[in-house]
Amino acid sequence: MVDSLTAATQQGQSEPTSPRRDRYRLWQMASMIRRVRAPGRVNLIGDHTDYTGGLVLPMAINFATTLTYELTLGRASDIQSSNFDQNTSRYISAVEAEMREAGCDVPGIRGELSTTIPVGAGLSSSAALETALALAFGAPSSTHEERVALAKLLQRAEQRAVGVPCGIMDQLICLIGRKDHAALIDCGTLDVTHVRIPDGIDVVVRFVAERTLAGSEYADRVAQCALAEQTIGPLRLADIDAVLSIEDVTARKRARHVISENGRVREFVVALSSGDLTTAGQLMFDSHQSLATEFDVSTPQMDAVIDEMRRTPGVIGARMTGGGFGGCVVAIVERGVDIAGWRVSTADGASISE
Ligand code: GLA
């Protein structure tokens with residue numbers, strides 16, 4: 001990992017310098033104002049598949065977290081935030097700790113955080129926060145490989161900060177998102193295929209209820225999938241018929257969701273790419289049904305919103321998105337249809353500017 005201050009010092013050494021001028025250059029580099037922008041995400045299809053190495057199709061969105069900062073000459077950071085809760089400091093410590101454990105020389109920064117991602121809505125405000133911090137702390141991110149490595153580190157930071165055994169989807173899409181595209185991610189191999197969002201549709205996200213994944217429910221689902229895998233092996237490779245051999249009824253239901261959801265992601269990508277929006281929409285409704293009845297992560301309120309959307313002219317498909325237990329639903333709709341919610345657009349992955 002690059003230590004920005006060390007780099008600054010090395011740059012300074014290429015010209016004839018005096019110790020005083022070196023100190024001045026260092027001070028100049030440190031006091032340069034930089035800005036990191038890290039997007040939130042919405043997942044079009046493929047939920048509760050990432051932590052068993054399955055398929056997901058998220059897109060980075062135009063809601064983002066911004067960290068405006070300068071490097072300090074010490075190691076301590078002073079980061080202010082107007083619209084984050086007390087968890088912010090846990091994320092800062094977790095990102096710093098993971099980066100240090102990975103051998104990075106983490107500099108101190110002085111900065112101000114702000115976000116347009118609604119916190120607690122399931123649009124990955126925490127992944128955006130972690131990513132913004134890591135880039136400000138100098139994590140390498142110029143190549144795709146560096147971004148994948150950083151996503152793994154930040155997944156550990158998330159787990160460390162809130163104790164939730166989350167998958168890698170949120171951190172990875174925040175780093176590798178691409179304008180006009182969703183990303184098909186194979187969470188087993190971490191291969192990424194950018195999938196163009198067709199013209200003529202809007203993506204609408206409707207907030208239903210605040211949620212938190214810090215409770216035990218998410219961890220329970222992870223454990224139930226692991227239990228299913230003890231009988232039928234990796235769910236990412238399993239055949240749907242294999243679930244019949246899982247004795248535990250709950251684990252069997254969870255496995256049925258995961259295996260069928262991986263199939264739906266594949267079919268959705270084909271449908272979207274070939275312009276078959278009717279099939280794509282139906283797959284979203286099917287995904288919601290499976291999350292509600294097999295994976296038990298929806299809520300009556302979310303189910304009611306999906307039912308309403310199913311009856312709304314111009315709605316092509318809709319489903320809950322993200323971890324569930326509240327949060328948001330996502331719909332693809334015919335362009336310009338009048339429907340309540342945020343019309344979100346695609347965004348590039350996190351970036352840093354001066
Ligand atoms: C949360 C987690 C992700 C993923 C989704 C469900 O957003 O952070 O890793 O498991 O839930 O798809």
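The structure under discussion appears in the preceding block.
Residues numbered from 1 in each chain as written. Predicted model: local features only at pLDDT ≥ 70, side-chain atom pairs only at ≥ 80, totals over all residues. Heavy atoms only, no water.

Student: Go over the overall build of the chain, please, and point to the residues and values.
Tutor: Each helix and strand counted, the chain has ten helices and twelve strands in total. What you see for the chain is a C-alpha radius of gyration of 22 Å, in line with the 20 Å of a compact globule of 354 residues. Burial status across the chain gives 55% buried among its 354 residues. Restricting to contacts in the chain with at least 6 residues of sequence separation, those with at least 24 account for 74%. Charged side chains in the chain number 34 positive and 44 negative. The centres of these two groups are separated by 5 Å. (Helix = DSSP H or I, 4+ residues; strand = E, 2+ residues; numbered from the N terminus. Rg over C-alpha atoms; globule rule 2.2 N^0.38 Å. Buried < 20%, exposed > 50% of the residue type's maximum accessible area, 1.4 Å probe, protein only. Contact = heavy atoms within 4.5 Å. Lys, Arg positive; Asp, Glu negative; His and termini not counted. Charge placed at Lys NZ, Arg CZ, Asp CG, Glu CD.)

Student: Residues and numbers for the packing of helix α8 (residues 249-273) against helix α9 (residues 277-293), please.
Tutor: Put simply, α8 and α9 touch, their axes get as near as 9 Å, and they point 165° apart. Classed by the angle they form, the pair α8 and α9 counts as roughly antiparallel. Regarding α8 and α9, the two cross each other, and that crossing is left-handed. Between α8, through Lys 253, His 257, Ser 260, Glu 261, Arg 264, Glu 267, Phe 268, Ala 271 and Leu 272, and α9, the contact on the second element is made entirely by Leu 277, Thr 279, Ala 280, Leu 283, Met 284, Asp 286, Ser 287, Ser 290, Leu 291 and Thr 293. When its residues are assigned to classes, the contact of α8 with α9 shows eight nonpolar, six polar and five charged. (Axes fitted to C-alpha atoms, helices over the stretch in contact; angles between N-to-C directions. Parallel < 35°, antiparallel > 145°, perpendicular 65-115°, else oblique. Left-handed = near helix turned anticlockwise from the far one by under 90°. Nonpolar A, V, L, I, M, F, W, Y, C, P; charged D, E, K, R; others polar.)

Student: Let's hear about the pattern of salt bridges: which residues, and what values?
Tutor: For the structure on display, the rule yields 19 salt bridges. A salt bridge links Arg 34 to Glu 354; the nearest nitrogen and oxygen atoms lie 3.6 Å apart. One end of the pair, Arg 34, is in strand β1 (residues 34-43); the other, Glu 354, is in the segment after β12 (351-353), with 320 residues separating them in the sequence. With relative accessibility at 72%, the residue Glu 354 sits in the exposed group. Asp 307 is paired through a salt bridge with Arg 310; the nearest N and O atoms lie 4.0 Å apart. Of this pair, Asp 307 and Arg 310 both sit in helix α10 (residues 300-310), three residues apart, roughly one helical turn. (Salt bridge = Lys/Arg side-chain N within 4 Å of Asp/Glu carboxyl O.)

Student: Tell me what's going on with helix α5 (residues 144-162), and back it up with residues and numbers.
Tutor: Residue pairs spaced three or four apart in an α-helix point in one direction, given the helix's 3.6 residues per turn. The end-to-end C-alpha separation of α5 is 27 Å, in line with the 27 Å expected for 19 residues at 1.5 Å each. Where α5 is concerned, the buried positions are Arg 147, Val 148, Leu 150, Ala 151, Leu 153, Leu 154, Gln 155, Ala 157, Glu 158, Ala 161 and Val 162. Against α3 (87-101), α4 (125-136) and α6 (169-176) lie the buried residues of α5. (Expected span 1.5 Å × (residues − 1).)

Student: Before we move on, can you summarise the state of the cysteines with the specific residues and values?
Tutor: By definition, a disulfide links two cysteine residues through a covalent bond between their sulfur atoms. One pass over the full model with this rule turns up zero disulfides. Cys 166 takes part in no disulfide bond, and the closest cysteine sulfur, belonging to Cys 187, lies 11 Å away. You can see Cys 328 has no disulfide; the closest cysteine sulfur is in Cys 174, sitting 16 Å from it. The exposure class of Cys 328 is buried, given its relative accessible area of 0%. (Disulfide = S-S within 2.5 Å.)

Student: Break down the pairing of strand β6 (residues 181-186) for me, with residues and values.
Tutor: Of all six residues that make up β6, six are buried, and the element is covered over most of its length. Burial along β6 is two-sided: His 181, Ala 183 and Ile 185 facing one way and Ala 182, Leu 184 and Asp 186 facing the other are all buried. Where strand β2 (residues 55-56) meets β6, two bridges bridge the pair, whose relative direction is antiparallel. Bridge assignment links Leu 55 to a residue of β6, and that residue is Asp 186. (Pairing = 2+ DSSP bridges.)

Student: I'd like a rundown of unusual backbone geometry, residues and numbers included.
Tutor: Negative phi is the rule for most residues except glycine; trans is the rule for most peptide bonds. For His 48, which is not glycine, the phi torsion reads 60° and is therefore positive. Relative to the assigned elements, His 48 resides in the loop between β1 and β2. Located in the positive-phi region is Phe 325, a residue other than glycine, with phi close to 60°. Tracing the backbone shows Phe 325 in the loop between β9 (315-321) and β10 (327-334).

Student: Tell me what's going on with the site of the ligand, and back it up with residues and numbers.
Tutor: Taken together, 13 residues surround the ligand, and among them Asp 47, His 48, Asp 50, Asp 170 and Tyr 218 come closest. Between the ligand and Asp 50 there is a distance of 2.5 Å, counted from an oxygen atom to a side-chain nitrogen or oxygen. For the shell around the ligand, a count of residues per class yields five nonpolar, four polar and four charged. (Near = heavy atom within 4 Å. Polar contact = N/O pair within 3.5 Å; in protein donor to acceptor, adjacent residues only side chain to side chain.)

Student: Give me the lowdown on α10, citing residues and values where you can.
Tutor: Those residues of α10 lying buried are Met 302, Val 305, Ile 306 and Met 309. Seen from one end, α10 has its buried residues packed into an arc of 100°, which puts them on one side. Close packing links the buried residues of α10 with β8 (201-209), α9, β9 and β10. (Arc of directions from axis to C-beta.)

Student: Could you give an account of the packing of α4 against α6, naming the residues involved and the relevant values?
Tutor: At a closest axis distance of 9 Å, the pairing of α4 and α6 adopts a crossing angle of 55°. Viewed along their axes, α4 and α6 adopt a mutual orientation that is oblique. When you trace α4 past α6, the crossing you get is right-handed. Here α4 contributes Ala 127, Ala 128, Glu 130 and Thr 131 to the contact with α6, which in turn contributes Asp 170, Gln 171, Cys 174 and Leu 175. Residue composition of the contact of α4 with α6, by class: four nonpolar, two polar and two charged.

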